[in-house]
Amino acid sequence: MKKRIYLDYAATTPVDPKVQKAMAPYLKGMFGNPSSAHWFGQQTKTAIEKARGIVSSFLNARPQEIVFTSGATEANNLAIQGVLRNLVSQKETKFLPAHIITSAIEHESVLSSCEVLEQEEIAEVTYIPVDKEGVVRVEDVKNAVKENTALVSIMYANSEIGTVQPIAEIGEMIRELKTKNYKLKTVFHTDAVQAVQFLDCDVQKLKVDLLTVSSHKIYGPKGAGALYVKDGISIAPLIYGGGQEQGMRSGTENVAAIVGMGVAIGEISRFAGSRVAGQNPVQNIKIRQLRDLLIRGILKNVKGAELTGSKTSRLPNNVHVRVQGVEGRDMVVSLDQKGIAISSGSACSEKNQEPSHVLLALGYSLEEASSGVRITLGKNTTQDEIQKGMKVFILAVEQLRRSL
């Protein structure tokens, strides 16, 4: 069997051996319910709190500000719906329907949450446009803020084209507006799922009130995520029951996955004891160099290929290209048949046959927005894999064009 090459790290990452080892005891002997008062329960409760401490330290937050969830989709739903449904529960009628500001290139879990609230007439939503590189302009967000703006949600780094947004600048702008207008109660949320490995996620520096993290994007297990909720921010729970996670997320915790997530976060933060971009400088420089090698190779050897997204404000592991005249999904299938795994967009949208909403927001036509592919690198990616992947990519384009 031929060796397959995985270049879809933005979709998910393999579980780190250290993470797997740390999880194993909680899948066997240490199986107690964390809500139980006896020894078995208290062992797992302690493990959860240790993981909470690791995540909070990484984010420069307090342990009580971390809410564990089943993943980023739930965390985004809890952030967006939680803020708005809290206004409903508190009968804040003067703010309802409340105003939400988000961007046109957010993850489906953000856009769908906003859509649901619109349909229920709880919220009105402003979708901020982006420039040709997919960057949200701070001034556009500022101009959209109204007296009843309850929430601003802007993704830290786009999951498809890798563009990094000016989150700290937006956070500072919102705080300045609230200082000038004490009636303004705007809460600022960022989906930091793709950013955690590579960018500074200090919530104090970012000036965010809510921040989403996912485990399986950082070499942890699937089934775990977290939402940072700044002290003083009120959100209504979406899941009711036993009152776990400070009452914000009822249900018996996924102990093994939470433990694994804590170890995965710890592996990122242990390098230089920092959350700053380049937590592992050697690793991230290597990934960036391999990314640039691949970009140069594709643009040089594939006629009609175009790099989409920002050339400078971009995640170091992201390559997103459009190939003129070639369907992105056809490229994905062709490369998979040749042993190379890439994607045509975010994993959550792969089943959707519609053109990329991200590329449409960048100003591409329907046909052009169907021609994008995403190649994402990870810490296990080698130069040999990149060179082989590049050759296969070029060959696949030639074959698909001949078949037209």
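Criteria and cut-off values
- Residues numbered from 1 in each chain as written.
- Predicted model: local features only at pLDDT ≥ 70, side-chain atom pairs only at ≥ 80, totals over all residues.
- Heavy atoms only, no water.
- pLDDT = per-residue confidence, 0-100.
- Contact = heavy atoms within 4.5 Å.
- Phe/Tyr/Trp six-rings, centres within 6.5 Å; stacked < 30°, edge-to-face > 60°.
- Helix = DSSP H or I, 4+ residues; strand = E, 2+ residues; numbered from the N terminus.
- Buried < 20%, exposed > 50% of the residue type's maximum accessible area, 1.4 Å probe, protein only.
- Lys NZ or Arg CZ within 6 Å of the ring centre and 35° of its normal.
- Salt bridge = Lys/Arg side-chain N within 4 Å of Asp/Glu carboxyl O.
- Pairing = 2+ DSSP bridges.
- Axes fitted to C-alpha atoms, helices over the stretch in contact; angles between N-to-C directions.

Residues with a pLDDT of 70 or more make up 95% of the chain, whose mean pLDDT is 93. In this model, residues 272-278 is a region of pLDDT below 50 whose contacts with residues beyond four sequence positions or in other chains number 19 contacts.

What follows is about the packing of aromatic side chains. Applying the stated criterion to the full structure yields 4 aromatic pairs. Ring centres of Tyr 9 and Tyr 219 lie 6.4 Å apart, and the angle between their planes is 50°; this geometry places the pair in the tilted category. With Tyr 9 in the loop between strand 1 (5-6) and helix 1 (17-23) and Tyr 219 in the loop between strand 7 (210-214) and strand 8 (225-229), the pair connects residues that are 210 residues apart, well separated along the chain. Comparing Tyr 9 with Tyr 219 shows no difference in burial state: the two are buried. Aromatic side chains Trp 39 and Phe 40 sit 5.2 Å apart centroid to centroid with 85° between the ring planes, which places their arrangement in the edge-to-face category. Using a relative accessible area of 37% as the deciding quantity, one classes Phe 40 as partly exposed. These aromatic residues form a ring-pair network of at least three members: Tyr 6, Tyr 9 and Tyr 219. Lying across the ring of Tyr 364, Lys 132 places its NZ or CZ 3.9 Å from the centre. The cationic tip of Lys 379 hangs over the ring face of Tyr 219; the distance from NZ or CZ to the ring centre is 4.3 Å.

Any two side chains of opposite charge can pair, on the condition that their charged atoms come close. For the structure shown, the criterion picks out 19 salt bridges. For the salt bridge of Arg 4 with Asp 336, the shortest nitrogen-to-oxygen distance reads 3.5 Å. Taken together, the positions of Arg 4 in the segment before strand 1 and Asp 336 in helix 10 (residues 328-337) put the pair 332 residues apart, joining distant regions of the chain. Shared partners join several salt bridges into a network, and the residues in it are Lys 45, Glu 49, Arg 52 and Glu 245.

Within the open sheet, the 7 strands sit side by side as 2-8-7-6-5-3-4. Their pairing is mixed. Strand pairing shows two members of the sheet lacking a second neighbour, strand 2 (66-69) and strand 4 (123-128), which therefore form its edges. With strand direction ignored, the average angle separating the axes of adjacent strands in the sheet is 20°. As judged from the 5 bridges shared by strand 7 and strand 8, these two strands associate in the antiparallel manner. Among the inter-strand pairings, Leu 210 is bridged to a residue of strand 8, identified as Val 229.

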